[in-house]
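Structural overview for review
Spelled out from the first residue to the last, the chains are:
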Amino acid sequence: MTASVHTFSGGDALLVVDVQVDFCPGGALPVPDGDQVVPVLNRWIAAACKAHCPVFLSRDWHPRGHPSFASEGGPWPPHCLQDTPGARFHPDLVIPEGAILVSKGTRFDKDQYSAFDETGLAHALRKAGVRRLFLGGLARDVCVKASALDARRAGFATCLVDAGAKALSPEGATAADREMSAAGVEIV
Ligand SMILES: [Zn+2]
């Protein structure tokens, strides 16, 4: 579980996916043990910063009445409403100076699980000279998976931080890991 942090080098970046209050125990849409990714990802964030590699943090950032909410016919309870306490990053997550935020789920007409979905993130990564992306966060079987698959589609070498990503269910984790591996995502 406490696998050592990879050594970052030029061309690497870290993406922390949706480590927000609502996705942690006690939140509106909690991922079991979701808060356990925080100390792990803090170590990865520190390592990336030490190597001067860019750190991106995505956040689910829904407007009121978002189409993903059950009240609108979507699959989820209301969560990560813009500017509410539940939408904040986990209070123990160490957000470094210079971190780049990626807000998603802001559209009125559809949800965006992936941090790459119409956010321009692939463009930002290429502009920063990134070739390999490490990622972790919540939930492993939803937004982390969607982001990892999109990172591969965009041509980035992609590594999932195993101890830094928790799933909504064990079955979901197994299926997601299989799908990500098949797409060439390395689990580290
Ligand atoms: Zn959402």
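What comes next concerns the included structure. Counting restarts for each chain: residues are numbered from 1 in the order of the written sequence. In view of the model being predicted, local features appear only for residues whose pLDDT reaches at least 70, and side-chain atom pairs are presented and counted only at 80 or more, with totals across whole chains, interfaces and linings using the full set of residues. Side-chain numbers here rest on the full set of heavy atoms in the structure, without hydrogens or water.

So, the pairing of strand 2 (residues 55–60)
Categorising residues by exposure relies on relative accessible area from a 1.4 Å probe, with only protein chains included: less than 20% of the type maximum marks a residue as buried, more than 50% marks it as exposed, and the intermediate range marks it as partly exposed. Labels follow the DSSP assignment, with helices taken as runs of H or I lasting at least four residues and strands as runs of E lasting at least two, numbered in each case from the N terminus. For strand 2, the buried fraction is high: 6 of the 6 residues fall into the buried class. On strand 2, burial covers both faces: Val 55, Leu 57 and Arg 59 on one face and Phe 56, Ser 58 and Asp 60 on the other are all buried. Note: two strands are recorded as paired if DSSP finds a minimum of 2 bridges between them. For strand 1 (residues 12–17) and strand 2, the ladder comprises 4 bridges, and the chain directions are parallel. Residue pairing in the sheet places Leu 14 in a bridge with Val 55 of strand 2. The parallel pair strand 1 and strand 2, bridged by helix 1 (residues 37–50), forms a crossover whose chirality is right-handed. By the bridge criterion, 5 bridges tie strand 2 to strand 3 (residues 100–104) in an arrangement that is parallel. Paired with Asp 60 across the bridge in strand 3 is Lys 104. Look down the strands so they point away from you; if the path from the first strand over the helix to the second goes clockwise, the crossover is right-handed.

What to know about the environment of Phe 23
Within the secondary structure layout, Phe 23 lies in the loop between strand 1 and helix 1. Overall, Phe 23 belongs to the buried group, its relative accessible area being 7%. Sequence spacing of Phe 23 and Gly 86 is 63 residues, and the spatial spacing of their C-alpha atoms is 8.2 Å. Setting aside residues up to four positions removed in sequence, Phe 23 forms contacts with Asp 18, Leu 29, Pro 30, Val 31, Gly 34, Asp 60, His 79, Cys 80 and Leu 138. Only heavy atoms enter the contact rule, under which two residues are in contact if any of them lie within 4.5 Å.

Thoughts on the nonpolar core
Working definition of a nonpolar core: buried Ala, Val, Leu, Ile, Met, Phe, Trp, Tyr and Cys residues. They are joined through side-chain atoms within 4.5 Å. With 56 residues, the main nonpolar core has Leu 15, Phe 116 and Leu 125 as its most contacted residues. The element contributing the most residues to this core is helix 1, with 8 residues. The contact partners of Leu 15, leaving out residues within four places of it in the chain, are Phe 56, Ser 58, Ala 115, Phe 116, Leu 121, Leu 133, Phe 134, Leu 135, Gly 136 and Ser 147.

Side note on the pairing of strand 5 (residues 157–166)
With 8 of 10 residues buried, strand 5 lies mostly within the body of the structure. Bridge analysis of strand 4 (residues 132–138) against strand 5 gives 6 bridges, and the strand direction is parallel. Pairing of Leu 133 across the sheet is with Thr 158, part of strand 5. A crossover connection joins strand 4 to the parallel strand 5 through helix 3 (residues 143–153); in handedness this β-α-β unit is right-handed. The pairing of strand 5 with strand 6 (residues 186–187) spans 2 bridges and is classified as parallel. Bridge pairing links Leu 160 to Ile 187 in strand 6. Once the chain exits strand 5 it traverses helix 4 (residues 170–182) before rejoining the sheet at strand 6, and the crossover so formed is right-handed.

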